[in-house]
Amino acid sequence: MSAKYDSKRAKTDVLIEEGTFNPTPEKVRDPKFRGSEFFDPHDAVQVKYEMLRRVSIDKVSVTEASDEYGVSRPTYYQAKVNFDMAGIAGLVPTKPGPGPHKIDDKVVAFLQAQLAPGEPVRARELAKLLRQELDIELHPRSIERVLKKSGR
């Protein structure tokens, strides 16, 4: 294997680990991103930055730029807001949602204790009970997921 392949592989791994890997590089149609060592269609931050630059500096329309970079117009506008607020760091994708930090063993045990064998899971009712009994706000879909994960 060549050193170039190894470094490219390492960069891809880093992009994935950091959450900046563009899962649809084939949608990026800007010719600069084809066969270039500098422009990488797998780098979501670089793709978004170049898309914003094309609109701001090259005066390409938002529709044309979003098509050229394989994203929706709302994605363009969100990237623009994020960039205007935080610069290039605003283009780094954030991790979705707060995560399951509210769901500990106590919560799982409480939820499982409310279930009747053979009865369907009533996540909305369980969400109300959690709020009343434990003062925890949890979306019904999160409840369904945690119960499925725990074997129910």
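Above this text sits the structure in question.
Here the structure is a predicted model, which is why all the values come from computation and not from measurement. (Residues numbered from 1 in each chain as written. Predicted model: local features only at pLDDT ≥ 70, side-chain atom pairs only at ≥ 80, totals over all residues. Heavy atoms only, no water.)

1. Re the overall build of the protein
Here is step 1: Counting its regular elements, the protein contains 7 helices and 0 strands.
Here is step 2: Burial statistics for the protein: of 152 residues in total, 30% are counted as buried.
Here is step 3: Taking all contacts inside the protein whose residues are at least 6 apart in sequence as the whole, residues at least 24 apart take part in 44%. (Helix = DSSP H or I, 4+ residues; strand = E, 2+ residues; numbered from the N terminus. Buried < 20%, exposed > 50% of the residue type's maximum accessible area, 1.4 Å probe, protein only. Contact = heavy atoms within 4.5 Å.)

2. A short note on the pattern of salt bridges
Here is step 1: Under the criterion given, the structure shown has 12 salt bridges.
Here is step 2: The residue E137 makes a salt bridge to R131 at a minimum N-O spacing of 2.9 Å.
Here is step 3: Salt bridges linked by common partners bring D30, K32, E50, R53, R54, D58 and E68 together as one network. (Salt bridge = Lys/Arg side-chain N within 4 Å of Asp/Glu carboxyl O.)

3. Here's the deal with the environment of V71
Here is step 1: Looking at the secondary structure, you find V71 in the loop between α3 (62-68) and α4 (73-86).
Here is step 2: Placed 23 residues apart in sequence, V71 and K48 show a C-alpha to C-alpha distance of 9.0 Å.
Here is step 3: Beyond its immediate sequence surroundings of up to four residues, V71 is in contact with M51, S66 and Y76.

4. Side note on the environment of N22
Here is step 1: Tracing the backbone shows N22 in the loop between α1 (3-18) and α2 (44-56).
Here is step 2: With 23 residues separating them along the chain, N22 and V45 place their C-alpha atoms 8.4 Å apart.
Here is step 3: Beyond its immediate stretch of four places on either side in the chain, N22 contacts V28, P41, H42, D43, A44 and V47.
Here is step 4: There is a polar contact of 3.1 Å between the side chain of N22 and the backbone nitrogen of T24.
Here is step 5: One polar contact links the side chain of N22 to the main-chain carbonyl oxygen of P41, over a distance of 2.9 Å. (Polar contact = N/O pair within 3.5 Å; in protein donor to acceptor, adjacent residues only side chain to side chain.)

5. Remarks on helix α6 (residues 123-134)
Here is step 1: Taking 1.5 Å per residue, 12 residues should reach 16 Å; α6 reaches 15 Å between its end C-alpha atoms and fits that length.
Here is step 2: Along α6, the residues classified as buried are A123, L126, A127 and L130. The arc that holds the buried residues of α6, viewed along the axis, is 105°, so those residues lie on one side. The exposed residues of α6 that point more than 90 degrees off its buried face are R124, Q132 and E133.
Here is step 3: Trailing α6 by a residue or two, D135 shows a phi angle of about 55°, which is positive. (Expected span 1.5 Å × (residues − 1). Arc of directions from axis to C-beta.)

6. Some details on unusual backbone geometry
Here is step 1: Phi angles above zero are rare outside glycine, and K59 is one such case at about 60°.
Here is step 2: Although it is not a glycine, D135 sits at a positive phi angle of roughly 55°.
Here is step 3: Checked against the element boundaries, D135 lands in the loop between α6 and α7 (140-149).
Here is step 4: Taking the relative accessible area as the measure of exposure, D135 reaches 68% and is therefore exposed.

7. What to know about the packing of aromatic side chains
Here is step 1: One pass over the structure, following the stated rule, counts 5 aromatic pairs.
Here is step 2: With a centroid separation of 6.0 Å and 85° between ring planes, the pair formed by F33 and Y69 is classed as edge-to-face. In this pair, F33 sits in the loop between α1 and α2 while Y69 sits in the loop between α3 and α4, placing the two residues 36 residues apart along the sequence. Of the two residues examined, F33 and Y69, each falls in the buried class.
Here is step 3: When the centroid spacing of 5.0 Å and the interplanar angle of 90° are considered together, the rings of F38 and F39 count as edge-to-face.
Here is step 4: In this structure F38 comes out as exposed when scored by relative accessible area, which is 58%. (Phe/Tyr/Trp six-rings, centres within 6.5 Å; stacked < 30°, edge-to-face > 60°.)

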